[in-house]
Every structure is written in structure tokens, then in C-alpha cells.
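# Structural characterization, general
The chain contents come next:
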Amino acid sequence: QVQLVESGGELVQAGGSLRLSCIASASGRSFSGYAVGWFRQPPGKEREFVAGISWYVNNSDYADSVKGRFTISRDNAKNTVSLQMNSLKPDDTAVYYCAARVGPRSRLAQDYRYWGQGTQVTVSS
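Residues numbered from 1 in each chain as written. Predicted model: local features only at pLDDT ≥ 70, side-chain atom pairs only at ≥ 80, totals over all residues. Heavy atoms only, no water.

## Considering the overall build of the protein chain
- Broken down by element type, the protein chain carries 0 helices and 11 strands.
- Along the protein chain, from the amino end to the carboxyl end, the secondary structure elements read β-β-β-β-β-β-β-β-β-β-β.
- Against the compact-globule benchmark of 14 Å for 125 residues, the protein chain has a radius of gyration of 13 Å, which places it among compact chains.
- Based on the C-alpha atoms only, the size of the protein chain along its principal axes is roughly 40 × 25 × 25 Å.
- The burial tally for the protein chain puts 46% of its 125 residues in the buried class. (Helix = DSSP H or I, 4+ residues; strand = E, 2+ residues; numbered from the N terminus. Rg over C-alpha atoms; globule rule 2.2 N^0.38 Å. Buried < 20%, exposed > 50% of the residue type's maximum accessible area, 1.4 Å probe, protein only.)

Here it is as C-alpha cells:
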């Protein structure tokens with residue numbers, strides 16, 4: 001099994017930056033061979049795709065709403081997948097989730113089998 005833990009969410013002013021991290025827990029396995037995605041769930045809305053990264057091809061994909069502002073990356077040595085978020089807007093306020101799956105990248109939350117507990121990001125105006 002794969003157990004994921006997100007961290008880095010906090011209160012930040014509009015225009016600021018945050019870096020979220022997702023790491024396999026000590027009881028879980030590494031990200032090797034898995035595609036990893038970031039999703040978010042704003043208050044009162046459904047979960048939506050933010051960014052994804054492949055393992056074997058090591059390419060990335062972004063939702064239009066965050067493209068040019070967010071960057072997803074992976075550090076194999078640290079077994080960590082990160083989401084660098086710049087120029088944050090109040091609409092970015094959400095619980096952010098890290099997810100992993102066996103297979104290729106996907107924008108569909110239902111395709112991901114493993115999920116972290118989520119980390120709250122709040123952007124004030």
C-alpha cells in the first residue's frame with residue numbers, strides 16, 4: 001500500500017506564495033512507478049484537478065486556472081512531490097490533496113487509488 005502525507009498549507013495573503021509537499025509515510029512505499037496528482041476542494045464545491053506528474057516520462061500537466069502560477073515537481077532522493085504555488089488568489093482557497101495511482105497521469109480524481117489527508121490553504125484578499 002501507499003500512504004501519503006501532505007504539508008505546507010497555511011494562511012497567506014493574495015499575491016503570496018506557498019510550497020506544498022507530499023511524501024510517502026514511513027509505513028508506506030515510495031512513489032516509484034506511480035503517477036502523482038494534486039487536487040483541491042474549495043468550500044462548498046467538488047474536488048478538482050490542479051496538477052499531475054508522471055514517473056516514467058516525468059512530464060507534468062496543469063489545470064488552466066493555475067497554469068503559469070503553479071509548478072509541480074518531484075524529488076526522487078527525498079521521495080517527495082511538491083507543488084509550488086505563486087501569485088496566489090482568494091479563489092485558490094481550498095483543501096489540497098495529494099493522490100497517487102498505478103499507471104499514467106489522469107485529471108480524474110476517481111482514477112487515483114491513494115490519497116493523503118489534505119492540507120488547508122487559505123488566501124486572504
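## Some points on unusual backbone geometry
- We note that N79 has phi near 55°; this positive angle belongs to a residue other than glycine.
- Along the chain, N79 falls in the loop between β7 (70-75) and β8 (80-85).
- A positive phi angle, near 50°, is found at S87, a position not held by glycine.
- With respect to the helices and strands, S87 occurs in the loop between β8 and β9 (94-102).
- Residue S87 is classed as partly exposed on the basis of its relative accessible area, which comes to 43%.

## Let's talk about the pairing of strand β1 (residues 4-7)
- Here β1 shows a clear split, with L4 and E6 buried on one side and none of V5 and S7 buried on the other.
- With 4 bridges connecting them, β1 and strand β3 (residues 18-24) associate as antiparallel partners. Residue V5 lies in a different strand from β3, and its bridge partner there is I23. (Pairing = 2+ DSSP bridges.)

## A closer look at the packing of aromatic side chains
- Here the structure, examined in full by the defined rule, presents 6 aromatic pairs.
- When the ring of Y112 is compared with that of W115, the centres are 6.4 Å apart and the planes differ by 70°; the resulting orientation is edge-to-face.
- On the basis of relative accessibility, which here comes to 4%, the residue Y112 falls in the buried class.
- We classify W115 as partly exposed; its relative accessible area is 25%.
- Ring-pair connections join several aromatic residues into one group, and the members of that group are F39, F49, Y97, Y112 and W115.
- Residue placement shows R47 over the ring face of Y97; its charged tip is 3.9 Å from the ring centre.
- A cation over a ring is seen here: R47 above W115, with NZ or CZ 4.7 Å from the ring centre. (Phe/Tyr/Trp six-rings, centres within 6.5 Å; stacked < 30°, edge-to-face > 60°. Lys NZ or Arg CZ within 6 Å of the ring centre and 35° of its normal.)

## Some words on the side chain of S82
- In this fold, S82 is placed in strand β8.
- Not counting residues up to four positions away in its chain, the partners in contact with S82 are R19, L20, S21, W38, T71, I72 and S73. (Contact = heavy atoms within 4.5 Å.)

## Description of the nonpolar core
- The biggest cluster of nonpolar side chains holds 32 residues, and the ones touching the most others in it are W38, V50, F70, I72, L83, M85 and Y96.
- Looking at this core, the elements that each hand over two or more residues are β3, β4 (34-41), β5 (48-53), β7, β8, β9 and β11 (119-124).
- Looking at this core, the element that brings in the most residues is β9, giving 5 residues.
- Filtering out sequence-adjacent residues up to four positions away, L83 remains in contact with L18, R19, L20, W38, V50, A51, F70, T71, I72 and Y96. (Core = buried A, V, L, I, M, F, W, Y, C linked by side-chain atoms within 4.5 Å.)

## Quick word on the side chain of S106
- Residue position: S106 is located in the loop between β9 and β10 (114-115).
- Residue S106 is classed as buried on the basis of its relative accessible area, which comes to 11%.
- A polar atom in the side chain of S106 sits 3.1 Å from the backbone nitrogen of L108.
- Side chain to side chain, S106 and D111 meet in a polar contact 2.5 Å long.
- Beyond its immediate chain neighbours, meaning those up to four positions away, S106 contacts F39, F49, R101, D111 and Y112. (Polar contact = N/O pair within 3.5 Å; in protein donor to acceptor, adjacent residues only side chain to side chain.)

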